[in-house]
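# An overview of the molecular structure
Chain residues, written in single-letter form:
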Amino acid sequence: MTGLPPVPAGGRLDAMNSLLLTGGRVIDPANHFDAIADVLLLKGKVSAVGKNLAAPAGVEKFDARGKVVAPGLIDLHVHLREPGQTAKETIATGTAAAARGGFTTIVCMPNTAPAIDNAGTVALIHERAKAEGVVNVFVTGAISKGIAGEELAPIGGLKKAGVIAITDDGHCVQNNELMRRACEYAKMFDLPVMDHCQDYSLVSDGVMHEGYWNVALGLRGWPAAGEEMIVARNILLAELTGAKIHCQHLSAAGSVALIREAKKRGVPISGEACPHHFTLTDAAVAGSEKFWAQDGKAISHQKSGARLPSWPAYDTNFKMNPPLRSAIDREAILDGLADGTIEILCSDHAPHCDYEKEVEFDYAPFGITGLETELALSLMQLVHTKRISLADMIAKFTVNPARLLNLNKGTLSVGADADVTVFDPDQEWVFEREDSASKSKNSPFFGWTLKGRAVATMVAGRKVVVEQREPAAV
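So, a few notes on the structure that sits alongside this text.

What counts and how
Residues numbered from 1 in each chain as written. Predicted model: local features only at pLDDT ≥ 70, side-chain atom pairs only at ≥ 80, totals over all residues. Heavy atoms only, no water. Axes fitted to C-alpha atoms, helices over the stretch in contact; angles between N-to-C directions. Helix = DSSP H or I, 4+ residues; strand = E, 2+ residues; numbered from the N terminus. Parallel < 35°, antiparallel > 145°, perpendicular 65-115°, else oblique. Left-handed = near helix turned anticlockwise from the far one by under 90°. Contact = heavy atoms within 4.5 Å. Nonpolar A, V, L, I, M, F, W, Y, C, P; charged D, E, K, R; others polar. Buried < 20%, exposed > 50% of the residue type's maximum accessible area, 1.4 Å probe, protein only. Phe/Tyr/Trp six-rings, centres within 6.5 Å; stacked < 30°, edge-to-face > 60°. Lys NZ or Arg CZ within 6 Å of the ring centre and 35° of its normal. Lys, Arg positive; Asp, Glu negative; His and termini not counted. Salt bridge = Lys/Arg side-chain N within 4 Å of Asp/Glu carboxyl O. Polar contact = N/O pair within 3.5 Å; in protein donor to acceptor, adjacent residues only side chain to side chain. Pairing = 2+ DSSP bridges.

## Here we look at the packing of helix α7 (residues 225–241) against helix α8 (residues 253–264)
Relative to each other, α7 and α8 sit at 15°, their axes nearing to 8 Å. When the interaxial angle is binned, α7 and α8 end up roughly parallel. Regarding α7 and α8, the two cross each other, and that crossing is right-handed. Residues E227, E228, V231, A232 and I235 of α7 form the contact with α8, whose participating residues are A253, G254, S255, L258, I259 and A262. By residue class, the composition of the contact of α7 with α8 is 7 nonpolar, 2 polar and 2 charged.

## Some words on helix α13 (residues 374–383)
Within α13, 10 of the 10 residues are buried, which leaves it mostly tucked inside the rest of the structure. Taken as a whole, α13 has its buried residues at E374, L375, A376, L377, S378, L379, M380, Q381, L382 and V383.

## Things to note about the packing of aromatic side chains
Using the criterion set out here, one finds 12 aromatic pairs in the structure. On the numbers, 5.9 Å between centres and 80° between planes, the contact of W429 with F431 is edge-to-face. Neither residue differs from the other here; W429 and F431 are each classed as buried. Aromatic ring contacts, followed pair by pair, group F291, W292, W311, F318, F445 and W448 into a single cluster. Over the aromatic face of F366 sits the side chain of K319, whose NZ or CZ is 4.6 Å from the ring centroid. For the cation-ring pair, R453 lies above W429, with the distance from its terminal atom to the ring centre recorded as 4.3 Å.

## A short note on unusual backbone geometry
Look at the link from A113 to P114: it is a cis peptide, with omega at 5°. You can see P114 is positioned in the loop between β8 (103–108) and α2 (119–132). With a phi close to 55°, D190 is a non-glycine residue in the positive phi region. In this structure, D348 is a non-glycine residue whose phi angle is positive, near 50°. Turning to its location among the elements, D348 is positioned in the loop between β16 (344–345) and α12 (354–357).

## What about the side chain of E372?
Here E372 shows up in the loop between α12 and α13. Of the side chains bearing the opposite charge, R100 lies closest to the buried E372, which forms no salt bridge; the N-O distance is 4.4 Å. At 2.7 Å, the side chain of E372 and the side chain of S436 are in polar contact. A distance of 2.7 Å separates a polar atom in the side chain of E372 from the backbone nitrogen of A437. Each residue touching E372, except ones within four places of it in the same chain, is listed here: A97, R100, G101, W429, F431, D435, S436, A437 and S438.

## Overview of the sheet that holds β16
A sheet is described by the order of its strands in space; here 5 strands give the open sequence β10-β11-β14-β15-β16, paired in parallel fashion. The open sheet terminates on both sides in strands that have one partner only, identified here as β10 (166–167) and β16. The sheet contact formed by strand β15 (residues 269–273) and β16 spans 2 bridges and is parallel. Looking across to β16, one finds that E272 is bridged to I344. Packing against the sheet, helix α4 (residues 176–188) makes contact with β10, β11 (193–195) and β14 (245–247), and its axis sits at approximately 145° to β11. Lying over the sheet, α7 contacts β11, β14 and β15, oriented at roughly 165° with respect to β14.

## Details of the packing of α4 against α7
Any two packed helices are characterised by how steeply their axes cross, that is the angle between the axes, and by the distance between the axes. Two elements in contact, α4 and α7, have axes separated by 10 Å at closest approach and are oriented at 45°. Considered as vectors, α4 and α7 are oriented oblique to each other. Note on packing geometry: the crossing formed by α4 with α7 is right-handed. Contacts from N176, M179, R180, C183, E184 and K187 in α4 reach R233, N234, L237, L240 and T241 in α7.

## Regarding the environment of T281
When you line up the elements, T281 lands in the loop between α9 (275–279) and α10 (288–293). Dropping the residues within four chain positions of it, T281 is found in contact with F291, D295, L324, R325, S326, A327 and R330.

Now the structure itself:
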């Protein structure tokens, strides 16, 4: 975890780390608390939660009436690209985007250059985050050296250096024996294993979901079985070794079904979902007209009569790993989130330079940014559609990831770190390219009318003020 230095590029920090938030709807799933109340933050810790609280002299007040006050949101799947890929993102810009999106804690992935497979690189990121980050940054270590899938990284040394999980995200260990040993070491050191589920032999050189649209567009297909095969393997290894295995960015109906059944048997397996997978489908690759004609009718903001965003076919901002899948898969992800099979929401924030994405679809890198839109999209697709309660959604961003990663975060319990997110679940706004704090602009959601927005982000009791334009007319 980092300290909190001055905010770069467009924000500032209050001098004090104490604050009284008054009159908001306080939702703390960790304590089953949901009521209109005040929250007092003193010296970087939660001091009290209740009605009509009084603040010591000199403590600033924040009027939260009409807003939701929640434990600081956690995103456990973020690519900060530093070290080695700072043309795409830096710790400074990535954490600024996180703060703007309402996130007080992010977990960075190890597929940097060099990879985070040794204690020295872990120390470097901790130092850079302390110097330039504006939210808490936790670090994951690689499963294998160089994320090459051939030789185990020094898992014990990584744990001692401060990593909170291991993953080869961006790659997937194909050698099942190596993965078994990694799970055994991870259990020994009480580290969860986070796995990017992709069977290379099945996926081959696919670039989008294998189905109707890849054939219609002439693009190589990526079968859902390429994910499901590894999810099944991970269930078997979790059962064999007792290690906690977390399946990253689930996209396929079969994956949800496998995890649902395994959890009923008590297997220590879990999964996460990203908003692009439960909002978009593979039809989006065929262009906006094809998407809105059928699959897009399920998007909640369309019901408000807002102008629909448009984009061309083969837009590389709709290319991600795993790929956008069918409407049936999207529905299965939504069902998995609703019934608790999928316990965690995250962004898989994966920035890329414009010039990398401005090529033919086959040659563009996989990945999109997401820190600034995931809260709104989750509200739109899950809460405003009444699939889950607001408290359940907040749990998937707070206590659930904190529990998986053994973090002392995600709660407003007295004595907890004073990380708080205040958001307006009903504010409508248009996400514009110039509003993004990320260094890269590879989002498919520019021009979308979104519903729900972070108002303020408090880290260690200090208010990170990120300038945001007034909502555009919708």
